[in-house]
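Coordinate inspection notes
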Amino acid sequence: MKVIYILWLRALKHYVRSPAQIVASFGQPLLYLLALGFGLGPVFEKAGQGSYLQFLAPGVIAVTVLFSGAFSGIGLLWDRQFGFLKETLVAPVPRLHVMIGRTLGGATVATIQGLLVLILCVILGFRPGSLLATPVFLLVMVLIAVVCCAFGTVIGSRMQSMQAYPLVMNFVMLPLFFLSGALFPLQGLPGPLQAITTLNPLSYGVDGLRGSLIGVSHFGLTWDMGVLAAVAAVFLVLGAWSFSKIEL
Amino acid sequence: MIKVQNLSKRFGQFQAVKDISFEVKPGELFAFLGPNGAGKTTTIKMLTTLLTPTSGSILIDGLDPAKNQNEVRSRFGIVFQDPSVDTELTAYENMELHGVLYGVPRKVRVERIELLMKLFELWDRKDQRMKIFSGGMRRRLEIARGFLHTPKILFLDEPTLGLDPQSRNQLWTHVKALNESEQVTVFLTTHYMDEAERVAQRIAVIDHGAIVALGSARELMDQTNTSSLEGAFLALTGSAIREEQAGSADQMRQFMRAWSNKR
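Nothing here was measured: the structure is a model prediction, and the numbers come from that model.

Turning our attention to the overall build of chain B. Looking only at helices and strands, one finds ten helices and nine strands in chain B. In terms of overall dimensions, chain B is globule-like: its C-alpha atoms have a radius of gyration of 18 Å, near the 18 Å expected for 263 residues. Seen through its C-alpha atoms, chain B measures out along the principal axes to roughly 50 × 45 × 40 Å. Taken across its 263 residues, chain B has 43% of its residues classed as buried. Counted over contacts in chain B with a minimum sequence separation of 6, partners at least 24 positions apart contribute 68%.

Next up on the list: the nonpolar core. Residues and elements named next belong to chain A. Ala62, Leu66, Ile144, Val147 and Cys148 are the most contacted members of the largest nonpolar core, which has 143 residues in total. No other element matches the 17 residues that helix 5 (residues 52-81) contributes to this core. Sequence-distant contacts of leucine 66, defined by excluding residues within four places in its chain, comprise Ile144, Cys148, Met173, Leu176, Phe177 and Leu202.

As a further point, take the sheet that holds strand 3 (residues 29-33) of chain B. Residue and element names in this part refer to chain B. The mixed open sheet is built from six strands, whose spatial order is 5-6-7-3-8-9. Each end of this open sheet is capped by a strand with a single partner; those strands are strand 5 (76-79) and strand 9 (210-215). Sheet twist, expressed as the mean angle between neighbouring strand axes with direction ignored, is 15 degrees. Running at roughly 35 degrees to strand 8 (residues 202-207), helix 9 (residues 229-237) makes contact with strand 3, strand 8 and strand 9 of the sheet.

Here we take up the interface of chain A and chain B. Interface size is often expressed as the accessible area that is lost when the parts come together. Across the contact, 22 residues belong to chain A and 25 residues belong to chain B. For the side of chain A that touches chain B, the secondary structure elements donating two or more residues are helix 1 (2-16) and helix 6 (84-89) of chain A. The greatest single-element share of the side of chain A that touches chain B, amounting to six residues, is contributed by helix 1 of chain A. Grouping the amino acids of the side of chain A that touches chain B by side-chain chemistry returns nine nonpolar, six polar and seven charged.

Here we take up helix 6 (residues 165-181) of chain B. All names here are of chain B. With 17 residues, helix 6 extends 24 Å from end C-alpha to end C-alpha; this agrees with the ideal 24 Å at 1.5 Å per step. Next to the buried residues of helix 6 lie strand 3, helix 5 (135-147), strand 7 (185-189) and helix 7 (193-199). The first or second residue beyond helix 6 is glutamine 183, which carries a positive phi of 55 degrees.

The next point concerns the packing of helix 7 (residues 95-123) of chain A against helix 12 (residues 221-244) of chain A. Residue and element names in this part refer to chain A. Packing of helix 7 against helix 12 brings their axes to within 9 Å, and their N-to-C directions diverge by 125 degrees. In terms of axis orientation, helix 7 runs oblique to helix 12. Classified by chirality, the crossing of helix 12 by helix 7 is right-handed. Taking contact as the criterion, the partners of Arg95, Leu96, Met99 and Thr103 in helix 7 are, on helix 12, Gly239, Ala240, Phe243 and Ser244. When grouped by side-chain class, the residues that make up the contact of helix 7 with helix 12 number four nonpolar, three polar and one charged.

On any regular strand, side chains alternate: one points to one face of the sheet, the next to the other face. Residues and elements named next belong to chain B. Burial runs high along strand 3: five of the five residues are buried. With burial as the criterion, each face of strand 3 is covered, one bearing Leu29, Ala31 and Leu33 and the other bearing Phe30 and Phe32. Here strand 3 runs beside strand 8; their pairing, made up of four bridges, is parallel. Bridge pairing in strand 8 links leucine 33 to valine 205.

Turning our eyes to something else, we now look at unusual backbone geometry. Residues and elements named next belong to chain B. A positive phi angle, near 55 degrees, is found at glutamate 121, a position not held by glycine. You can see glutamate 121 is positioned in the loop between helix 4 (106-119) and helix 5. With a phi angle near 50 degrees, histidine 208 is a residue other than glycine that sits in the positive phi range. The topology assignment puts histidine 208 in the loop between strand 8 and strand 9. A residue is classified by how many C-beta atoms lie within 10 Å of it, and histidine 208, with 17 of them, is partly exposed.

Basis of the calculations
Residues numbered from 1 in each chain as written. Chains lettered and ligands numbered in written order. Predicted model: local features only at pLDDT ≥ 70, side-chain atom pairs only at ≥ 80, totals over all residues. Helix = DSSP H or I, 4+ residues; strand = E, 2+ residues; numbered from the N terminus. Rg over C-alpha atoms; globule rule 2.2 N^0.38 Å. Buried ≥ 20, exposed ≤ 12 C-beta atoms within 10 Å, placed from the backbone. Contact = placed C-beta atoms within 7 Å. Core = buried A, V, L, I, M, F, W, Y, C linked by C-beta atoms within 7 Å. Pairing = 2+ DSSP bridges. Axes fitted to C-alpha atoms, helices over the stretch in contact; angles between N-to-C directions. Nonpolar A, V, L, I, M, F, W, Y, C, P; charged D, E, K, R; others polar. Expected span 1.5 Å × (residues − 1). Parallel < 35°, antiparallel > 145°, perpendicular 65-115°, else oblique. Left-handed = near helix turned anticlockwise from the far one by under 90°.

Take a look at the structure:
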């Protein structure tokens, strides 16, 4: 327990101690909200779908959690290259504890990031439906964060160097984001796109956030959370397994 | 304390360590010397549970690292060739994290951290983040950290690489002092022959994965009819320069160097 706690704490200290990085992490969400939210807003409204900002905000929050979570998992690579990982791997503790501590730390940071972006959305004019849904919203966000961190751990355990970073970014993270329903409604999509979005775990995260924040849901909140929990379990097991296989 | 028999490690076609056997006595300062790529680090990785041997047996304090991984891990401390501190944390936090990882009880932890940080002259700067520390200070902290959980063996893999003579000197003085006061067995590798000659009681020379000589510095010199350990080392291993493939860690080191020059 103590090991998990101290590694969780380490992740938080890292987060709090790099204010520049926190500020920088608002860049992308802000860009999406401004360029897409306000840029496509009029078109969306003309199509009779209401305010695009209302629709987009949960998607942008989800993508924030996705990036923050997955990259904290991949941060493993950083620790590997700069040596700190070895310190934890030769310690007389089960690797599973190390992995859990890291994942919980990353997930906590990702959740905080998501909350900060929610505040940003509110400042820009987003209005959540009711405050009663806050616990549900938080739960969905934590689930997304755990899925992404564990997923990042799987990737981070398998990659040998930072060179693979852009590869993961362009072929995994961005597709997950763009094909998740974060930017467009999932109703009435062409067949292939429909299939892809249904298979993308992030779709359920975006949908869950939308369901809890503005009360509009495509799959239904219970289903969203069920799928997220199941995917989280699978990735946690995969992550723990990959992490236990790391050789230096 | 360490007993190695017919140990081998193969990576695909490449035989990194070939059938080596040696023994290190309790409380001994034992040096492992060899040119780049000779198999020193691979051997240390196997001794410290980071790699599994292809064949052969290892006993650390009577235990097999492959079977009793965590018991073995709690018995040794290690200072890696590459830095392994968390530079975003303070010096004290790095020590504390290590103490928690090794299950050192709180009271002992606080006492020993203070003792060791004072000994290694780091106490004044305990609350500063490690990223502003010099290479020598980081190294000192890593060695202090290695002693924190009162290990029976301390592995030092090229601990003085890139340090100035003052830091090297001071570092070995502390290590020797702790070796005597706490009876810690020390297993070290280095490229500085003068260090090995000064510090180590026995020296093993490894080349192309095999041990080519083993004995005190005096014995190695007598054996090769040379007057210095460096002469003995060159006589044993030849003077050809080794081609070593750069791994991702080397690339990262280069990257780090380029990066820190820029700033």
